[in-house]
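# Structural characterization, general
Chain by chain, the residues:
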There are 2 protein chains.
Amino acid sequence: MNTRVSIQDVAQLAGVAVSTVSRVLNGYRDVSEETRAKVHRAVEQLGYRPNQAARTFRTGKTQSVSVLLPMIGTDFYNRLINGIDQGLAQRDYDAGLFPLLSPRRLERYRNPSAPPYNADGLILASLNPDRLFEGGKIPADLPTVLVDIAHTAYDSVTVDHVEGGYLAGRHLLERPAPTFVVMIEERFDTPFASGVFRERLRGFRRALEEGPVKLPKDHVVTVEFSWDGGRLAAQEILRRLDGPANIFATCDLLAQGLIDEFAHKGIKVGGEVRLVGYDDQPWAEAYGLSTVKQPIESMGGLAARLLLQRLERPTAEVTHRVLSPRLVVRESSRV
Amino acid sequence: MNTRVSIQDVAQLAGVAVSTVSRVLNGYRDVSEETRAKVHRAVEQLGYRPNQAARTFRTGKTQSVSVLLPMIGTDFYNRLINGIDQGLAQRDYDAGLFPLLSPRRLERYRNPSAPPYNADGLILASLNPDRLFEGGKIPADLPTVLVDIAHTAYDSVTVDHVEGGYLAGRHLLERPAPTFVVMIEERFDTPFASGVFRERLRGFRRALEEGPVKLPKDHVVTVEFSWDGGRLAAQEILRRLDGPANIFATCDLLAQGLIDEFAHKGIKVGGEVRLVGYDDQPWAEAYGLSTVKQPIESMGGLAARLLLQRLERPTAEVTHRVLSPRLVVRESSRV
DNA sequence: ATCGTTTCCGAAATCGTTTTTGTGCCTTGA
DNA sequence: TCAAGGCACAAAAACGATTTCGGAAACGAT
C-alpha cells in the first residue's frame, strides 16, 4: 500500500494537476504558497514516495555512479574507495560498488545491461576497458573515468610507478652497494591493470644509470605475488651475496617476506642490508619498512571529480592526470 | 547514436511490430523462426541495446539487490560479501555494495529514494533498520534480510555469540585457573549492530557456572576497541595476578594486543597463561591464537538465499536462522 | 478601457519497454 | 461444411514520472 500510491493520487487528493505536484516536489517556481502547502499535505497524508524507476526512466539520470573494481578488502582498494566516496559526496552523488569477485561476475558484467551500468557514470579501477568489454564500447556510452590505469580514449588518474621506482633507487644509492630487485611476474590474461611492477623496475634502473652501481641480470629476482615469494627471494639473495646490499622490493608484501626470512637467518634489515618496499601497507610502519607511498585517496577523489566534470560536459577533451608517489623512509633503509 | 536506437527502430527495420521484437528479445513463444531471425538481424545491424531504465520502470524488477553495510575492508565484511556474492550468483542476481563510509552517507541513505533502494531487495549487514531509518519502514517496502543482527520483523541470519563465549569458556576450564575476560565497551548511539561483546561474555559466564571457577567483577577488564586496548588490558591483568591464568578476549584484536604486551614482558601465551580470542582474524593462525571462528561466508550465503526466497514469496513467514560458531584451538590455549 | 506582462496551473505529450487484447488465417475434427 | 481452436503477429494500453505548451486570471501601465 505504499508503492501503489502514485503522483496521480496525490494530485487528486490535493485537487491539482499532476504537473503541479511534480513542480512542487522538484522545487520549481510557478507554484503559489497555497497550492504548495496543499500538495505537501496530500503527500504527507498518503505517504507518497516518487517511483524512482519512473523518474530515472523519464530523466535518464540516477544521481549515482558505479565503481567497478577487481576486488575489495585490500588496503589499496579500501583507500581508493574512501577517496572516491569523499569526492562524490561533495556533489550529492552516491556510489555503488561492484567488485569482480569471481570469473562469473566478470562474465555477467560484460553484459551491457547489467545492473552496474544502470547509473550516470562509471569508474573503472585497475580495469582495462578494452579487455573488460572485449574490444566493445563502454555500455550505454556511460561517461567513464579510469583509475590506476590509463587509456587514450578515457579520462584517467594514475600514479607514476616509474617515478616511484626512481625515488627508491635514488634513496638506496645514497650508499652504493650491490643492488637487488625483487619483483613479481606479470600475467596479462586478466582484465586487470598490469605492467606496474615492470614500470617500477624501470624507474629504479633509471636511478641506477645516474650512479656507479650496476644491476646485473641475475640480481633481478622474479617471484610469485606472496609472502612466501618474498622469503624465497631472500634465500636466493643470500645465496648470491655476503655483505652489504641494497634491495628494492616492488611491493610491500614481498618486502615483508624478505624481512621475515632475513630475521629468521639472524639478519636485521637496516644498516648493512637496506630495503625499500612499495605501497606503504598498514603494517609497514610497525615493520619499520621504508617504502614508496602512493596518494591513493587523492587518486580516488580526483577520479570522482573528473567524472563529475565529465557528467556536466560529456564532450570535453579527455584528460589524464598523473600523480606522484612519495618516499617514506624508515629503519629498513637507514645506513 | 547508441542510446538513441529504440525498440521502435528495430521493429521498423525488421518490418514487424514492437511487441514482436519484445517477444523475441525475451524469448517468448508465438514467434516463427523466420521473424525471429529477421528481428535478430535488425538488432545486430542497429546495435540495439534495450533501455534498462525503461525495462525496470515497466517491470519493476532490476535483477539486482543492494547490500548496505557499515564499512568495508575488515576481514569480517570481506568474508561476508564473498558469501553473499556467491549465494546471489547462483540465481543470476547482482549485488551493489553501499558502505556507510561517512556520517554524510548515512544521512543520504536515510532518503527512501536514494540509489541503494533502486533494487529488488536489500541486505542489511550489522545495521538495525529501526535506527537506520529512524523508526520508519524499509524504503519502498523492499524485501529485506538482516545479517549479523536480528529483528522480529525481518528475516535474519546471525551467529550465536553466547554459544561462542560458551565454547571458549568450556575450553579454558579444562584446566581450572583464575579467569579474566577482556572486553570492549559498547556504544549504542550508532545504527550498527551491538551487544555482541556482552553476549560473548554471557556465554562465557554460563560455562563458568558449570565449573568451580569464579569470575570476580574486577577480572572483567573493559577497554577500547584497539590493539592498545589489548596491551593496557595485559598490564592490568599482570597487576592483579602472578601465576597461571585463563584469559578470554572477546575479539582477536584485543588478544593480539595482549599477546604482544605479554611477549614484551617475557611471557608467552600457552601453558601457564592460556588465551582464547574471538573472530579468527587472518593473522590468528600465524600468532598461534586459539579463537572462536564464525561461519561468516555461510552467513552471507544463507542471507542471499533467504532474500531470493523472499523475492519469490514476499508474504512468507519471517524466518530467523542462527548459526553456530566453532572453536579453533591453537598454541595460545594449550596447557 | 485596452493592452501587455506576469503568475499560476492544467492538459497532454513523452520517455521505451512489457503486456493485454484483438484479428485474420490455417488446421482440425465431426 | 462449419464450428472450434491454435498460431503468428499487430495494435494499443499501460507503467509513473517530467516537460512542454498554452490559457485564464490578476495586475500594472498607458
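Structure: above.
These notes cover the structure that comes with them. (Residues numbered from 1 in each chain as written. Chains lettered and ligands numbered in written order. Predicted model: local features only at pLDDT ≥ 70, side-chain atom pairs only at ≥ 80, totals over all residues. Heavy atoms only, no water.)

## Things to note about the interface of chain B and chain A
Facing the 41 residues of chain B at the interface are 41 residues of chain A. Roughly 3,500 Å² of surface becomes buried between chain B and chain A when both sides are summed, with 53% attributable to carbon and sulfur atoms. Viewed at the interface, chain A and chain B are joined by 10 salt bridges. Across the salt bridge formed by Arg104 of chain A and Asp92 of chain B, the nearest N and O atoms sit 3.7 Å from each other. Counting only elements with at least two residues in the side of chain B that touches chain A, the list comes to α4 (52–59), α5 (75–89), β2 (94–99) and α6 (103–108) of chain B. Across the side of chain B that touches chain A, the residue classes tally to 18 nonpolar, 15 polar and 8 charged. (Contact = heavy atoms within 4.5 Å. Buried area = accessible area lost by both parts, 1.4 Å probe. Salt bridge = Lys/Arg side-chain N within 4 Å of Asp/Glu carboxyl O. Helix = DSSP H or I, 4+ residues; strand = E, 2+ residues; numbered from the N terminus. Nonpolar A, V, L, I, M, F, W, Y, C, P; charged D, E, K, R; others polar.)

## A word on the environment of Gln63 of chain A
Tracing the backbone through its elements, the reader meets Gln63 of chain A in the loop between α4 (52–59) and β1 (64–69). Counting along the chain gives 26 residues from Gln63 of chain A to Ala89 of chain A, while the straight-line C-alpha distance between them is 11 Å. Those residues in contact with Gln63 of chain A, other than ones at most four positions away along the chain, are Asp92, Tyr93, Asp94 and Asp120 of chain A together with Pro115 of chain B.

## A word on the protein's contact with DNA strand C
Close to DNA strand C lie 27 residues, the nearest being Ala17, Thr20, Thr35 and Arg58 of chain A together with Arg58 of chain B. For DNA strand C, the fraction of protein-proximal atoms (within 4 Å) that sit in sugar or phosphate groups is 57%. One of the side-chain N or O atoms of Asn26 of chain B is found 3.3 Å from a phosphate oxygen in DNA strand C. Interatomic distance of 2.8 Å between a side-chain N/O atom of Arg55 of chain B and a phosphate oxygen of DNA strand C. When residues of the surface near DNA strand C are traced back to their parent elements, those giving at least two are α2 (18–25) and α4 of chain A together with α2 (18–25) and α4 of chain B. By residue number, the principal contributor to the surface near DNA strand C is α4 of chain B, which donates 5 residues. In terms of residue class, the surface near DNA strand C is built from 10 nonpolar, 11 polar and 6 charged. (Near = heavy atom within 4 Å. Polar contact = N/O pair within 3.5 Å; in protein donor to acceptor, adjacent residues only side chain to side chain.)

## A few points about the relation of the copies chain B and chain A
In the superposition of chain B on chain A (RMSD 0.1 Å, axial shift 0.0 Å), the rotation amounts to 180°. Taken together, these values place the two copies in the relation of a two-fold axis. Of all interface residues in chain B, 100% are interface residues in chain A too; the two copies therefore contact each other through one and the same surface. (Least-squares fit on C-alpha atoms with pLDDT ≥ 70 in both.)

## Quick word on the protein's contact with DNA strand D
Of all residues adjacent to DNA strand D, which total 26 residues, the nearest are Ile7 of chain A together with Ala17, Ser32, Thr35 and Arg58 of chain B. At the protein interface, 56% of the atoms of DNA strand D within 4 Å belong to sugar or phosphate. Tyr48 of chain A is positioned with one of its side-chain polar atoms (N or O) 2.7 Å from a phosphate oxygen of DNA strand D. The contact in question runs from a phosphate oxygen of DNA strand D to an N or O atom on the backbone of Ser32 of chain B, over 2.6 Å. Those elements that place two or more of their residues in the surface near DNA strand D are α2 and α4 of chain A together with α2 and α4 of chain B. A breakdown of the residues in the surface near DNA strand D according to their chemical character gives 10 nonpolar, 11 polar and 5 charged.

## Some thoughts on the sheet that holds strand β8 (residues 245–249) of chain B
Residues and elements named next belong to chain B. Taken in spatial order, the 6 strands of this open sheet run β7-β6-β8-β9-β10-β12, and their pairing is mixed. If you trace the sheet from one side to the other, it starts and ends with β7 (220–223) and β12 (326–328), each paired once. Ignoring which end each strand starts from, the neighbouring axes of this sheet average 20° apart. Pairing between strand β6 (residues 179–184) and β7: 4 bridges, direction parallel. Within β7, the residue paired with Met183 across the bridge is Thr222. Against the sheet, helix α8 (residues 161–172) touches β8, β9 (273–278), β10 (290–293) and β12, its axis set at about 165° to β9. On top of the sheet, helix α11 (residues 252–264) reaches β6, β7, β8, β9 and β10; it is set at about 150° to β9, its chief contact. (Pairing = 2+ DSSP bridges. Axes fitted to C-alpha atoms, helices over the stretch in contact; angles between N-to-C directions.)

## Some words on the packing of helix α1 (residues 7–14) of chain B against helix α3 (residues 33–46) of chain B
Describing two packed helices takes the angle between their axes plus the distance from one axis to the other. Residues and elements named next belong to chain B. The interhelical angle for the contact between α1 and α3, taken along N-to-C directions, is 125°, at an axis separation of 9 Å. Taken together, α1 and α3 sit at an angle that is classed as oblique. Between α1 and α3 lies a crossing of right-handed hand. Contacts from Asp9, Val10, Leu13 and Ala14 of α1 reach α3 at Lys38, Val39, Ala42, Val43, Gln45 and Leu46. Tallied by class, residues from the contact of α1 with α3 come to 7 nonpolar, 1 polar and 2 charged. (Parallel < 35°, antiparallel > 145°, perpendicular 65-115°, else oblique. Left-handed = near helix turned anticlockwise from the far one by under 90°.)

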